[in-house]
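# Fold and geometry: a report
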Amino acid sequence: MSVIPAGAPTRLSLSVSAEPDPVASVAAIEALYECARAAVHEPDPVALASALAGALARVFHADDVLVGGVVDGALTSLARCTAGQLVPARAAHASLAADEIAFIDWALVRRQSLSVRGGAALPTGAPVPPWSDVLVAPALHHQGQPVAILLVARRRRPTRFASQDLRVLETVAQQAAVAFDRAHLLVQLHSWARGLEALFKFSAAVSTERDPARLVRDMAEHAARLLKADGGHGGLAVAADADEPVQMVSTAYWCDGEWREQPRVWARGSGIPGLVLDTEFPYLSNDYAQDGQREQSPALPDVAFAVAVPIKNSTDEVLGFFELHRRPGNGAFSWQDAAFLESVANMTAVAIENARLGTALHAKNQEVRALSARHVSRLEEERQHIARELHDEAGQALVGVKLSLQAMSRLMPRGESALQEQLDHLRAQVNDAATRLKVLARRLRPPTLDRLGLDKALQQLAHESEEHFGFAVRLSVPAFGTRLPAELETALFRISQEALTNVAAHAEAGAVEIRLEISGTERLRLTIADDGVGFDPASRSSGLGLLGMRERVGMLGGAFALRSVIGEGTTITVEVPFG
């Protein structure tokens, strides 16, 4: 074997026959143009390697072409063109023979251009693959590290590469170095962008998701995408009741970009989830097939690597877990991955605690709302009872007093004018008291509301307001055909009553419009608008009357809105469901 320098110090020639073949300058120019065009137009490493492989095969009339990107000394994004046919990217690595891999590794280690003629042997003693003629040029970036490697080969001995061909391939390699460097940088930027997107999704999930089980599922998916896991799941630590032991519970498994329902339960110490529940520490498995805690998922049966962490709150209570998996060939998880997953678990723990606090607060609010509704109902019952007592008992008593006074007046001897005048005055006072008692009873609970319904009660309320407050009331109420629910009629009547009282006290209005109408499907809208002086809602706190209205509407599951502009009056709008 002879070693012949090929000109540049970074070029090594191993040959049996150093006799070059002439090559046309047109072919060299064509090679440079087509390869430069591929380097400019292909930002993706796999597409770039494929384009260069096809171009080199055509220009050099090569039987075999290998183009691969190099990241951290390892061959990636390999493209192969054999007999003019591109090998699919996924099959390119599998197509490499052992001697071809050894040859490429040797060339990458030397970082030198090579021109090898058939029959030579490498200095390592390994045989050169069965090519009659081979040109190899590594693409080195500005720091001298290989970012790609280009290989063209011929299998027929009569055909030789010309001496200029290696220089052409070196020139293409120089162009490819910039192109692959850019492509690898774009891949890294895309990875960072995916990481930022995942962080944004983490933040969105933490901020918006209120269901702990759904939150854990979302966070497990985002973490799996960011760490490039092939599958994984997450779950919560759950106890059936206070006396039962805590277990890890997962409802689904994420694989190939989708969730597949797969309910599982792990007792403490059972499986990887049960193990992190028991130890409260992260777990890393780089030989999953031999791991005693392994549990193959039907969705991803060929797991090779796993990482799991517990989800713990500030008091170190285990709330749940995350577990991610990778298939063979996709690289093992690292403790750095576990640390990242722990940070995700910490964010999730805060969100779970907030969600549980929110759930507890919602339950308390519902309890307070139920108590408030009960209080209002009891208050209406008491009002109804008092109104009935005033009308039936006190009213009847006053009628009895009035009749007694009338009888005394008839029995009074003539000539007792002073005493007669006193009796007439007493009768007038009794009549006035009876009238005021009736008004009070109606305000406490108008009999019309119970006997005739909301529309008649609102008509009576409008008439009495016009008489007592002095402003006009325009009323518009549809014909419902049937009575509304009692609690709905009571709430709408009380809101109208309170609104008219507020108008009389503050608005200085000349007219008020009360409009009740059906809004959409199974919703009622009550609008009360006055033409008074109005006020600035932002500068005035709500009084008890407005708070009472809001509370009544809230108990009915409705919506309350107030609009007021100084000099333009005030409008109250209430929408409540019915049906």
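Note: the structure precedes this text.
Quantities reported herein were computed from a predicted structural model and do not represent experimental measurements.

## Let's talk about the sheet that holds strand 10 (residues 247-255)
Strand order in the open sheet formed by six strands is 11-10-9-14-13-12, with antiparallel pairing between adjacent strands. Unpaired on one side and paired on the other, strand 11 (258-266) and strand 12 (283-285) mark the two borders of the sheet. Neighbour-to-neighbour, the strand axes of this sheet turn through a mean angle of 15 degrees, independent of strand direction.

## Some points on the sheet that holds strand 19 (residues 569-577)
Read across the open sheet, the five strands follow the order 15-16-17-19-18; overall the sheet is mixed. Whereas interior strands pair on both sides, the edge strands pair on one side only; in this sheet they are strand 15 (472-476) and strand 18 (559-565). On average, each strand axis in the sheet is tilted by 10 degrees relative to the strand beside it, whichever way the strands run. Relative to strand 19, strand 18 runs antiparallel, the two sharing seven bridges. Each residue of the ladder has a partner; that of Ala-559, found in strand 19, is Glu-575. Contacts from helix 11 (residues 454-469) reach strand 15 and strand 16 (511-518) within the one sheet, and its direction differs from that of strand 15 by about 170 degrees. Sitting on the sheet, helix 13 (residues 544-555) is in contact with strand 18 and strand 19, with an inclination near 150 degrees to strand 18.

## Things to note about helix 11
For an α-helix, the turn length of 3.6 residues means that residues three or four places apart are oriented alike. The end-to-end C-alpha separation of helix 11 is 21 Å, in line with the 22 Å expected for 16 residues at 1.5 Å each. All buried positions along helix 11 are accounted for by Leu-454, Ala-457, Leu-458, Leu-461, Ala-462, Glu-464 and Ser-465. At the exit of helix 11 stands Gly-470, carrying a positive phi of roughly 90 degrees.

## Overview of the pattern of salt bridges
According to the stated counting rule, one finds 19 salt bridges in the structure shown. Between Arg-155 and Asp-64 there is a salt bridge whose closest N-O contact spans 3.1 Å. Note that Arg-155 is positioned in the loop between strand 8 (146-154) and helix 5 (163-208) and Asp-64 in strand 3 (residues 64-71), a separation of 91 residues in sequence. A residue is classified by how much of its surface remains accessible, and Asp-64, at 0% relative accessible area, is buried. Here Asp-230 makes a salt bridge to Arg-327, at a shortest N to O gap of 3.7 Å. On the criterion of sequence distance, the pair formed by Asp-230 in the loop between helix 6 (212-226) and strand 9 (231-238) and Arg-327 in the loop between strand 14 (318-326) and helix 8 (335-411) is long-range, its members being 97 residues apart. Among the residues examined, Asp-230 registers a relative accessible area of 14% and is labelled buried. The network of salt bridges with common partners includes Asp-230, Asp-256, Glu-258, Arg-260, Asp-302 and Arg-327.

## Observations concerning the nonpolar core
Leu-52, Leu-56, Phe-60, Val-65, Val-67, Val-152 and Phe-180 are the most contacted members of the largest nonpolar core, which has 35 residues in total. Listed by contribution, the elements that provide at least two residues to this core are helix 1 (25-41), helix 2 (45-60), strand 3, strand 4 (74-82), strand 7 (133-140), strand 8 and helix 5. Among the elements that make up this core, the one with the highest residue count is helix 5 (10 residues). Counting residues in hydrophobic clusters, the runner-up holds 31 residues, among them Val-503, Leu-526, Ile-572 and Val-574.

Cut-offs used in this document
Residues numbered from 1 in each chain as written. Predicted model: local features only at pLDDT ≥ 70, side-chain atom pairs only at ≥ 80, totals over all residues. Heavy atoms only, no water. Pairing = 2+ DSSP bridges. Helix = DSSP H or I, 4+ residues; strand = E, 2+ residues; numbered from the N terminus. Axes fitted to C-alpha atoms, helices over the stretch in contact; angles between N-to-C directions. Contact = heavy atoms within 4.5 Å. Expected span 1.5 Å × (residues − 1). Buried < 20%, exposed > 50% of the residue type's maximum accessible area, 1.4 Å probe, protein only. Salt bridge = Lys/Arg side-chain N within 4 Å of Asp/Glu carboxyl O. Core = buried A, V, L, I, M, F, W, Y, C linked by side-chain atoms within 4.5 Å.

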